Amino acid sequence: MLRIKISNLAVDKYQPGNIKHSYPLLFIHGAGGNSRYLENYLHFFSGAGWMSYAVNLRGHYPSDREAALAQVKIEDYVSDVERVMQYLEIENCALIGHSLGGLIAQKTAMRFSSVKALVTIASAPPLGVPLEMKNNLPYSGTIMKSVWGLMNLKPIKLSFFMAEKSFLNNIEPSERERVFSMFVPESLMIGYQVAQGVFVDPDKIACPKLVIGCLLDQMAPESMEQKLAAFLRADYIAYEQFAHLPMLEKGWERSAEDIGEWLKKKVLAQKPKQKG
């Protein structure tokens, strides 16, 4: 793995021994995450011949600290991804976004007609797809709207107790503290924006699209992911055995294999665009 510094951002690059695909993959982590929890996927896809990158969004270690992280908006994260794509000259990448990263990937794909494919995994929903969450967890719309202004604009990180109930529920108990340590505080503004609704125009996303939902997911219920797939007019895969972190849960290889097979089928099926 090679870590590339682009101003305040750290991007992890996984170089295949033999490049088999003409387009790279760019992974976008979720709220409070970073590239660490995506390592299984990054090793898998680079091993399968894709040049693979993972961006660490501003304020998310190993990217630089962000003094104003509490005020960061989703548009800032979209700008981070665009800057990485342009700097690395990978505007032809396939975007793979998890959780909040799925919503960021949708926004980015709207702006780049050159993007080869869009894959969202347990994605946060855009405006037009009702926000759902089980057990009235902390990022639910009701709670986010009521606590806004009570948090003194400080970045937040879920307690370990709440994380076990939300996104660690399908992680092996002995591994939960290690996985929890991978996550960092996140801008409360982001959660507020998601609760209010973030605009995405599916008509402006021209590439093939795949939405993945997981039946054990407490943060992004599978029923919501079905609606997202319908909204985006995307292919859809649902997993009974996974929750919010399929890339870290037992049997994670199945999800990686399915994504890889979908990419090979859908991207190869695209006709070359004519110039002029």
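The residue numbers shown here count from 1 along each chain, following its written sequence. Where totals are concerned, whole chains, interfaces and linings use all residues; where local detail is concerned, this predicted model gives features only for residues with pLDDT of at least 70, and gives and counts side-chain atom pairs only at 80 or more. Side-chain numbers here rest on the full set of heavy atoms in the structure, without hydrogens or water.

Caption draft 1: Representation of the side chain of Thr-120 within the structure. Turning to its location among the elements, Thr-120 is positioned in strand β6 (residues 117–121). With a 1.4 Å probe rolled over the protein chains alone, any residue whose accessible area is under 20% of its type maximum counts as buried; one over 50% counts as exposed, and the rest are partly exposed. By relative accessible area, which is 0% here, Thr-120 ends up buried. Apart from the residues lying within four places of it in its own chain, the contact partners of Thr-120 are Gly-97, Gly-102, Gln-106, Leu-210, Val-211, Ile-212 and Leu-228. Here a helix means four or more residues in a row that DSSP labels H or I, a strand means two or more in a row labelled E, and each is numbered from the N terminus. Here, residues are in contact when the closest pair of their heavy atoms is within 4.5 Å.

Caption draft 2: Expanded view of the confidence of the model for the protein. The predictor reports its confidence for every residue as pLDDT, a score running from 0 up to 100. In this model, the protein carries a mean pLDDT of 91, and residues with pLDDT of at least 70 account for 90%. This model gives residues 141–146 a pLDDT under 50, and the stretch forms 13 contacts once residues within four places in sequence are excluded. Long-range and interchain partners of residues 272–276, a stretch whose pLDDT sits below 50, account for one contact in this model, where long-range means more than four residues apart.

Caption draft 3: View of the pairing of strand β7 (residues 209–214). Taking burial as the measure, the six residues of β7 include six buried ones, the bulk of the element. Residues Lys-209, Val-211 and Gly-213 line one face of β7 and the alternating positions Leu-210, Ile-212 and Cys-214 line the opposite face, and both faces are buried. Note: two strands are recorded as paired if DSSP finds a minimum of 2 bridges between them. Sheet analysis places β6 next to β7, joined by four bridges and oriented parallel. Among the inter-strand pairings, Ile-121 is bridged to a residue of β7, identified as Ile-212. By convention, orient the strands away from the viewer: a clockwise path from the first strand over the helix to the second makes the crossover right-handed. Regarding the hand of the β-α-β motif, the stretch spanning β7, helix α8 (residues 222–232) and strand β8 (residues 235–239) is right-handed.

Caption draft 4: View of the pattern of salt bridges. When a carboxyl oxygen of Asp or Glu is within 4 Å of a side-chain nitrogen of Lys or Arg, the pair counts as a salt bridge. Counting across every chain of the model gives 12 salt bridges. Arg-83 is the salt-bridge partner of Asp-80, the closest N and O atoms lying 3.4 Å from each other. Remark: Arg-83 and Asp-80 occur in helix α2 (residues 74–88); sequence separation between them is three residues, near one turn of the helix. For Arg-83, a relative accessible area of 26% gives the class partly exposed. Here Arg-111 and Glu-82 are joined by a salt bridge, their closest N and O atoms 3.3 Å apart. Taken together, the residues Arg-111 in helix α3 (residues 100–111) and Glu-82 in helix α2 connect sequence positions 29 residues apart. Salt bridges sharing partners connect three or more residues here, namely Arg-58, Asp-80 and Arg-83.

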